[in-house]
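Residue-level structure breakdown
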Amino acid sequence: MATSMGLLLLLLLTQPGAGTGADTEAVVCVGTACYTAHSGKLSAAEAQNHCNQNGGNLATVKSEEEAQHVQRVLAQLLRREAALTARMGKFWIGLQREKGKCLDPSLPLKGFSWVGGGEDTPYSNWHKELRNSCISKRCVSLLLDLSQPLLPSRLPKWSEGPCGSPGSPGSNIEGFVCKFSFKGMCRPLALGGPGQVTYTTPFQTTSSSLEAVPFASAANVACGEGDKDESQSHYFLCKEKAPDVFDWGSSGPLCVSPKYGCSFNNGGCHQDCFEGEDGSFLCGCRPGFRLLDDLVTCASRNPCSSSPCRGGATCILGPHGKNYTCRCPQGYQLDSSQLDCVDVDECQDSPCAQECVNTPGGFRCECWVGYEPGSPGEGACQDVDECALGRSPCAQGCTNTDGSFHCSCKEGYVLAGEDGTQCQDVDECVGPGGPLCDSLCFNTQGSFHCGCLPGWVLAPNGVSCTMGPVSLGPPSGPPDEEDKGEKEGSTVPPAATASPTRGPEGTPKATPTTSRPSLSSDAPITSAPLKMLAPSGSPGVWREPSIHHATAASGPQEPAGGDSSVAAQNNDGTDGQKLLLFYILGTVVAILLLLALALGLLVYRKRRAKREEKKEKQPQNAADSYSWVPERAESRAMENQYSPTPGTDC
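Please read these numbers as outputs of a predicted model, since none were measured by experiment. (Residues numbered from 1 in each chain as written. Predicted model: local features only at pLDDT ≥ 70, side-chain atom pairs only at ≥ 80, totals over all residues. Heavy atoms only, no water.)

**Considering the overall build of the chain**
Note the cut-off: Secondary structure elements follow DSSP: runs of H or I of four or more residues count as helices, runs of E of two or more count as strands, with numbering from the N terminus. Partly exposed residues are those whose accessible area sits between 20% and 50% of the maximum for their type, while under 20% is buried and over 50% is exposed, using a 1.4 Å probe and protein chains only. Here, two residues are considered to be in contact whenever any of their heavy atoms come within 4.5 Å of each other. Areas reported here follow the Shrake-Rupley algorithm with a probe of radius 1.4 Å; residue values treat only the protein chains shown as occluding.
Counting its regular elements, the chain contains six helices and 38 strands. Every one of the 650 residues in the chain was classed for burial, and the buried ones make up 31%. The long-range fraction of contacts in the chain, counting pairs at least 24 apart against all pairs at least 6 apart in sequence, stands at 53%. For the chain, the exposed surface amounts to about 41,000 Å²; the carbon and sulfur share of it is 54%.

Okay, here's the thing in structure tokens:
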């Protein structure tokens, strides 16, 4: 054991910078961890590799207390830098999200995880809303204003972005922070006289101002005020003396001098310093404390007086007050160090009937959509009746189901709307199977009805149309006003009546007179197939004649009003058909005239084009610009030039 310790001490003391007495890097050690800050434009992977080579990882920031430690080490680094311009700088920490893992807004870390592992922590300090990206790896850095002093009340914000690559670390990257964890720490060595202590840590950092020195660190103590006392050097190693007890293995104050006594650094004592007559001195402790084996440090007789338990844990004294245990409040449990508390996830035991939401130190139950918390004695969650009076979202029918509902519509309607709660009328007249009526179809809200063209009547089935009865002659008398108003549109065939006369004997005698021809009541009515034509009259008007049979009666009778109504109906039907035929013929004639006019215009334009084409193709002649002189007779051409009279030989 002594040989191995000597080799370890020799290795640490031969590291570069050992014993120089100057801090070469920014370092803060507290609790069981040390944090170092480094300058350098490296990618996140390169920074992690640098930390890992010395046994650590990029720093975690799992609590506000740890954020303050990281801020302190960054402040040390920035104090050593030259005057910085007013700009924002970023320093890598160990929070990353792998490629393919997407953002989770419900978690404090948003789906990121710490490089060194560990559970999801509740603390976060994001600079702005995160970008939802799953296609690349994302890393987190601390965002600092390099021109402003770091204040404990203004902790560095977290900024996420690309992790960078070798040679291209990313925008505004200035350095990184490492974290090294240890099983324990030693107290700094106290000097009772002039001297210098230089600590060399296992992660290759030297410093003379550590608040706590990590396990396996070496201490080089140089006593004296100058080079003449350089020979007064001491070397110590922080070792584990007992479980969770770490010590340098030294006794009494170092570099003591009768010249100074207790006046220099309180003699190196932790609490009280007592001087002797010969210039010597001893260390002592106040009431309630005891002097430890190094004869310098004082420890409380109550182990809980130093508050060893962290977070919400409570220190509980053991038997005889020699040891202690930490106890957590309800909803929490001790972590692996047995000194701090972590939340218990009660939802893993499924304590709720439906949904369980874990909270710090507890949990709460929630109901699914379509359920609501029930009153005591009715169960945890009960169904919500969405169809209750005043709550129904449906336009017509509503049926409640367990945890939900569904809507329905009356006959002639179908469900509509994005949420399927509204009802829309079905147009039966334009259905996929074609119209339901033989002639005219009129859609109504939730239904429809059929109609017929003038001269046709609706059949009893309410769908087909049949030819209406036709009168064969003109009415024999004026219509009966009462029957006309009461039986409008009805068809009543006229009957043969006898006109009473008196014979020579004066006895009444029936002289039969024949009225206009009419159809008998049992005569068959023929119908022809109808086409879908637009009605010539007002839409939605059709005729439904009722056929009445007239019976012969004794005595004089006036012409029945039914005859006139039949004639009026037949005349209306005939006039309507004639008017429709007139419209059709007029339309055809107009179309033919337009076609003839267009054809004539086309022929004219073609002829004109041909004439112009021939004129352009006719060849040009040079003689076109000249005219021929009429020829003279040969006899006249041979005139005698010697004749005194032109034109004669004499």
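**A look at the side chain of H69**
Structurally, the position occupied by H69 is in helix α3 (residues 64-80). Given a relative accessible area of 12%, H69 falls into the buried group. Beyond its immediate sequence surroundings of up to four residues, H69 is in contact with V30 and Y35.

**Examining the packing of aromatic side chains**
Where two aromatic rings form a pair, the distance of their centres and the angle of their planes describe that pair. Applicable threshold: Classification of ring pairs rests on two measures: the distance between centres of Phe, Tyr or Trp rings, Trp counted by its six-membered ring, which must be within 6.5 Å, and the angle between planes, read as stacked under 30 degrees, edge-to-face over 60 and tilted in between.
Across all of its chains, the model carries eleven aromatic pairs by this definition. Relative to F203, the ring of F182 lies with its centre 6.0 Å away and its plane at 40°, an arrangement referred to as tilted. Here the residue F182 occupies a position in the loop between β8 (173-181) and β9 (185-186), and F203 occupies one in the loop between β10 (195-200) and β11 (206-207), the gap between them amounting to 21 residues. Taken together, the ring pairs in this structure connect F112, W114, Y123, W126 and W158 into an aromatic cluster.

**A closer look at α3**
Test applied: To estimate how far a helix should extend, the number of its residues minus one is multiplied by 1.5 Å.
Its 17 residues give α3 an end-to-end C-alpha distance of 25 Å, which sits within 8% of 24 Å, the value for a rise of 1.5 Å per residue. For α3, the set of buried residues is E66, A67, H69, V70, Q71, V73, L74, A75, Q76, L77 and L78. Looking at the buried positions of α3, the neighbouring elements they touch are β1 (26-30), β2 (33-39), β4 (88-97), β6 (138-145) and β8.

**Looking at the nonpolar core**
To be explicit about the condition: Put simply, buried Ala, Val, Leu, Ile, Met, Phe, Trp, Tyr and Cys residues joined by side-chain atoms within 4.5 Å make one nonpolar core. Each domain's extent is set by a domain assignment, obtained either automatically or from a database.
Counting 34 residues, the largest nonpolar core has W92, L189, Y199, V221 and W248 as the members making the most contacts within it. Only β1, α2 (44-53), β8, β9, β10 and β13 (218-223) provide two or more residues apiece to this core. Top contributing element to this core by residue count: β8, with four residues. If you count residues domain by domain, this core takes at least three from each of domain 1 (27-100 + 136-181) and domain 2 (187-300). Other than its neighbours up to four places away in sequence, Y199 contacts P188, L189, T205, T206, S207, S208, L210, V213, A218, A219 and W248. Counting residues in hydrophobic clusters, the runner-up holds 30 residues, among them A37, F91, Y123 and L155.

**What about α2?**
Along an α-helix, residues three or four apart share an orientation, since each turn contains 3.6 residues. Here is the rule we go by: To obtain the arc, one takes the directions from the helix axis to the C-beta atoms.
Among the residues of α2, A44, A47, Q48 and C51 are the ones counted as buried. Angularly, the buried residues of α2 cover 100° about the axis, an arc narrow enough to put them on a single face. Relative to its buried face, α2 has exposed residues pointing more than 90 degrees away, namely A45 and Q53. Looking at the buried positions of α2, the neighbouring elements they touch are β3 (57-58), β4, β6 and β8. Residue G55 follows α2 closely and has a positive phi angle near 95°.

**Digging into the side chain of D247**
Let me state the cut-off plainly: Note that His is not counted, nor are the chain ends; the positive residues are Lys and Arg, and the negative ones are Asp and Glu. Take a side-chain nitrogen of Lys or Arg and a carboxyl oxygen of Asp or Glu: if they are within 4 Å of each other, that pair is a salt bridge.
Its location among the elements puts D247 in strand β16 (residues 245-247). No salt bridge is formed by the buried D247, whose closest oppositely charged neighbour, K241, lies at an N-O distance of 4.3 Å. With near-sequence residues (within four places) excluded, D247 lies in contact with C186, L237, C238, K239 and K241.

**Some details on the environment of S257**
If you trace the backbone, S257 turns up in the loop between β16 and β17 (272-275). We classify S257 as buried; its relative accessible area is 19%.

**Some words on the confidence of the model for the chain**
Formally: Along the chain, pLDDT gives the predictor's confidence residue by residue, from 0 to 100.
Predicted confidence across the chain gives a mean pLDDT of 75, with 72% of residues reaching 70 or more. Per-residue pLDDT stays below 50 along residues 1-23; that stretch engages in 34 contacts with residues further than four places along the chain or on separate chains. Considering only residues more than four positions removed or in separate chains, one finds that residues 472-569, a stretch of pLDDT under 50, has 113 contacts.

**A closer look at the state of the cysteines**
How we decide: Pairs of cysteine sulfur atoms within 2.5 Å are identified as disulfides in what follows.
For the coordinates displayed, the defined rule picks out 20 disulfides. Disulfide pairing is shown between C29 and C34; the S-S distance is 2.0 Å. Disulfide C29 to C34: torsion about the S-S bond roughly 110°, handedness right-handed. Judged by its relative accessible area of 2%, C29 falls in the buried class. The class of C34 is buried, set by a relative accessible area of 0%. Shown here is the disulfide that connects C452 with C465, its sulfur atoms set 1.9 Å apart.

**Concerning unusual backbone geometry**
Although it is not a glycine, K110 sits at a positive phi angle of roughly 60°. Within the element layout of this structure, K110 appears in the loop between β4 and β5 (113-114). With phi around 60°, Q338 is a residue other than glycine that occupies positive phi space. Mapped onto the fold, Q338 is located in the loop between β23 (332-334) and β24 (341-343).

**A word on the sheet that holds β10**
Which entries qualify depends on this criterion: In this description, strands pair whenever DSSP reports at least two bridges between them.
Ordered by their spatial adjacency, four strands build an open sheet running β11-β10-β13-β14, and the pairing between neighbours is antiparallel. Where the open sheet ends on each side, the last strands, each with one partner, are β11 and β14 (233-237).

**Side note on the pairing of strand β26 (residues 362-366)**
As defined by bridge partners, strand β25 (residues 355-359) adjoins β26 across five bridges and the pair is classed as antiparallel. Counterpart to V357 in the pairing with β26 is R364. The turn linking β25 back onto β26 is made up of two residues, and G361 within it adopts a positive phi angle of 80°.

**Quick look at a nonpolar patch on the surface**
Stated precisely, the cut-off is as follows: Only residues whose relative accessible area exceeds 30% and that form no salt bridge are eligible for patches; like-charged ones are grouped when within 9 Å, while nonpolar side chains (Val, Leu, Ile, Met, Phe, Trp, Tyr) are grouped when within 5 Å.
Judged by side-chain polarity, L580, I584, V588, I591, L592 and L595 come together as a nonpolar surface patch covering roughly 530 Å² of accessible area. Within the fold, L595 resides in helix α5 (residues 561-617).

**Concerning the pattern of salt bridges**
Applying the stated criterion across every chain, the model contains nine salt bridges. Note that E240 is salt-bridged to K183, the shortest N-O span being 2.8 Å. Residue E240 is located in strand β15 (residues 239-242), and its partner K183 is located in the loop between β8 and β9; the two are separated by 57 residues in the primary sequence. Under the relative-accessibility criterion, E240 is labelled partly exposed at 32%. Residues E612 and R608 are paired through a salt bridge, measuring 3.6 Å at the closest nitrogen-oxygen approach. Here E612 and its partner R608 are both found in helix α5, four residues apart, which amounts to about one turn of the helix. Residue R608 is classed as partly exposed on the basis of its relative accessible area, which comes to 44%.

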